[in-house]
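Per-entry structural report
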Amino acid sequence: MREEFLHKLCCPQDKSDLELEVFVRDTESSIIEGMLTCPECERFYPIVQGVPIMTPDEYRQRKLEEPILKKWGLRLNDSSKKFELLEEG
Ligand SMILES: [Zn+2]
């Protein structure tokens, strides 16, 4: 997924512009793994194998996302109903 395209995505919940954090790029500087975060509602949307996961909360599964987050050293906020990351430190 090209970075230019990712910058055009907005939060499905409130249409805010998302902040992009890149973890893995391929040789053509496409983004393979990363994180889109909404500054408005604080939801996160992971980018896995080049695909941003932007499904609504009700169709997302914490169990499926936890291993991905763990790999990136991040954790899901279990006390939040929405998909929010736990602030570390
Ligand atoms: Zn949002």
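One can find the structure itself at the top, above this paragraph.
Description of the structure in this document. What you see is a predicted model; the values in this text were computed from it and never measured.

**Things to note about the overall build of the chain**
- Scanning the chain from terminus to terminus reveals 2 helices and 4 strands.
- Along the chain, helices (α) and strands (β) appear in the sequence α-β-β-β-β-α when read from the amino end.
- Dimensions of the chain along its principal axes, counting C-alpha atoms only, are 40 × 30 × 25 Å.
- Taking all 89 residues of the chain together, the buried fraction comes to 13%.
- Counted over contacts in the chain with a minimum sequence separation of 6, partners at least 24 positions apart contribute 38%.

**Points about the sheet that holds strand 3 (residues 44-48)**
- Across the sheet, which stays open at both edges, the 4 strands sit in the order 1-2-3-4 with antiparallel pairing between neighbours. Two strands lie at the open edges of the sheet, namely strand 1 (19-25) and strand 4 (51-52), each paired on one side alone.
- Looking at chain direction, strand 2 (residues 31-37) and strand 3 are connected through 4 bridges and run antiparallel. What sits directly across from Thr37, in strand 3, is Phe44.

**Considering the nonpolar core**
- By size, the foremost hydrophobic cluster in this structure holds 9 residues: Leu18, Ile31, Met35, Leu36, Cys38, Phe44, Tyr45, Ile47 and Phe83.
- Every element with two or more residues in this core is listed here: strand 2 and strand 3.

**Comments concerning the pairing of strand 2**
- One ladder, built from 6 bridges, connects strand 1 with strand 2; its direction is antiparallel. Following the sheet pairing, Glu21 is matched in strand 2 by Met35.
- Linkage of strand 1 to strand 2, two consecutive antiparallel strands, is achieved through a turn of 5 residues, within which Ser29 is found at a positive phi near 60°.
- Counting the residues in the hairpin turn of strand 2 and strand 3 gives 6 residues, including Glu42, whose phi is positive at 70°.

Parameters at a glance
Residues numbered from 1 in each chain as written. Predicted model: local features only at pLDDT ≥ 70, side-chain atom pairs only at ≥ 80, totals over all residues. Helix = DSSP H or I, 4+ residues; strand = E, 2+ residues; numbered from the N terminus. Buried ≥ 20, exposed ≤ 12 C-beta atoms within 10 Å, placed from the backbone. Contact = placed C-beta atoms within 7 Å. Pairing = 2+ DSSP bridges. Core = buried A, V, L, I, M, F, W, Y, C linked by C-beta atoms within 7 Å.

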